[in-house]
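Here is how the chains run, residue by residue.
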Amino acid sequence: MKKYLLSTAAVAMVALAAPASAADLAARPYTKAPAYQAPAAPIYNWTGFYIGGHVGGAFNGNNGFGGTSDNSDGRFLGGVQGGADYQFAPNWVLGIEGQYSWVGNNNTTVLFTGAGAGYAYNQNQNGIASVTGRLGYTWGPALLYVKGGWAYQDVSETLLVSAPATDASFGTTTKSNGYTVGAGLEYLFTQNWSGKVEYQYYDFGTTTFTAPAPLAGVSSKNDTHTVKVGLNYRFNLGGMGGGY
């Protein structure tokens, strides 16, 4: 009985001492949760070299020899391009680009009437090329730009005289060199790939006959309108913020 009473007393003393010991412990410090930080927005970089390809359509201007009309139906074109861009200030992009397009199914045929009756002139534009500078404004992944510079056309000509149809001796002042201007929108959808849509106008002056006599002095505007969509692979060189 004595042992039982001593054990009960000891348990009671431990129970009474436990709250006192807990009160002697220091209060748990309050730690404020860190503030939420949104992930950093990607930095789009246009500085670097690129190569790519394009497809689209080409259309003759609405001009003709001596009141006749050139064939203005659209023709398919496809080609390659390459260039370099530099981003500065920080939303402007300055660049240079070389481009060549093969033109398919282009046979501009003109049948003459009046003094030149009996003659049929054919001009075949096989390809067009350009070397241009371009200036653009970028916001985020998009780049709106204008371009302009030197243009070249790979062109061949024939003149037929009817009854019977045979090649005729003739001469023209057709120009292979000219100028080009254009504008477009390009979109950087990964660090190394961009797509673009572009309008480009090519002007090669006028084509003027110097022979034969019935056609001498007759001339026509020689120009081409094009619409292209393209894809570029970009060799990112860092620059404005170190990339995408």
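Residues numbered from 1 in each chain as written. Predicted model: local features only at pLDDT ≥ 70, side-chain atom pairs only at ≥ 80, totals over all residues. Heavy atoms only, no water.

Per an unreviewed UniProt entry, the chain goes by Porin family protein and derives from Tardiphaga alba. Within the UniProt record for the chain, the comment given under Subcellular location (unreviewed entry) is "Cell outer membrane". (UniProt positions renumbered as here; feature names shortened; annotations may be inferred.)

The subject of this paragraph is the overall build of the chain. From N to C terminus, the chain includes 1 helix and 11 strands. N-terminal to C-terminal, the α/β element order of the chain is α-β-β-β-β-β-β-β-β-β-β-β. Out of the 244 residues in the chain, the part that is buried amounts to 38%. Relative to all contacts within the chain whose residues are 6 or more apart in sequence, the contacts with residues 24 or more apart total 69%. Of the roughly 13600 Å² of accessible surface on the chain, 65% is carried by carbon and sulfur atoms. (Helix = DSSP H or I, 4+ residues; strand = E, 2+ residues; numbered from the N terminus. Buried < 20%, exposed > 50% of the residue type's maximum accessible area, 1.4 Å probe, protein only. Contact = heavy atoms within 4.5 Å. Areas by Shrake-Rupley, 256 points an atom, 1.4 Å probe, with all protein chains shown as cover.)

Overall, the coordinates contain 10 salt bridges when judged by the stated rule. In this structure, the salt-bridge partner of D85 is R234, at a minimum N-O distance of 3.1 Å. With D85 in strand β2 (residues 75-88) and R234 in strand β11 (residues 219-236), this residue pair connects regions lying 149 residues apart in the sequence. Grouping residues by exposure puts D85 and R234 together as buried. A salt bridge links K147 to E198; its shortest N-O distance comes to 3.3 Å. With K147 in strand β6 (residues 142-161) and E198 in strand β10 (residues 193-211), this pair connects stretches of sequence that are 51 residues apart. Salt bridges linked by common partners bring E97, K147, K196, E198 and K228 together as one network. (Salt bridge = Lys/Arg side-chain N within 4 Å of Asp/Glu carboxyl O.)

The next point concerns the nonpolar core. F65, V110, F112, Y119, Y121, L159, A168, F209 and L215 together form the largest nonpolar core, which totals 9 residues. In this structure, L159 is in contact with Y119, A120, Y121, T166, D167, A168, F170, F209, P212 and L215, ignoring residues within four places of it in sequence. Ranked by size, the runner-up nonpolar core spans 7 residues in total, among them V103, I128, Y202 and F204. (Core = buried A, V, L, I, M, F, W, Y, C linked by side-chain atoms within 4.5 Å.)

The predicted model of the chain averages 83 in pLDDT, with 74% of residues at 70 or higher. Taking the mean pLDDT of every element in the chain, the minimum, 50, falls on helix α1 (residues 2-24) and the maximum, 98, on strand β9 (residues 177-188). (pLDDT = per-residue confidence, 0-100.)

With that settled, the discussion passes to the environment of G104. Within the secondary structure, G104 sits in the loop between β3 (92-103) and β4 (108-111). Once the C-alpha coordinates of G104 and G78 are considered, the two residues, 26 residues apart in sequence, prove to be 8.6 Å apart. In this structure, G104 is in contact with R75 and F76, ignoring residues within four places of it in sequence.

All told, the structure shown has 13 aromatic pairs when counted by the stated rule. Plain terms: the ring middles of Y100 and W102 are 5.0 Å apart, the flat faces sit at 70° to each other, and that makes the pair edge-to-face. Exposure remark for W102: the relative accessible area of 51% places this residue in the exposed category. Relative to W139, the ring of Y137 has its centre 6.4 Å away and its plane inclined at 25°; by these criteria the two rings are stacked. Note on W139: relative accessible area 44%, which makes it partly exposed. These aromatic residues form a ring-pair network of at least three members: F112, Y121, F170 and F209. (Phe/Tyr/Trp six-rings, centres within 6.5 Å; stacked < 30°, edge-to-face > 60°.)

Time to look at the side chain of N232. Inspection of the secondary structure assignment puts N232 in strand β11. Residue N232 is classed as buried on the basis of its relative accessible area, which comes to 1%. In this structure the side chain of N232 is engaged in a polar contact, spanning 3.0 Å, whose partner is the side chain of E186. (Polar contact = N/O pair within 3.5 Å; in protein donor to acceptor, adjacent residues only side chain to side chain.)

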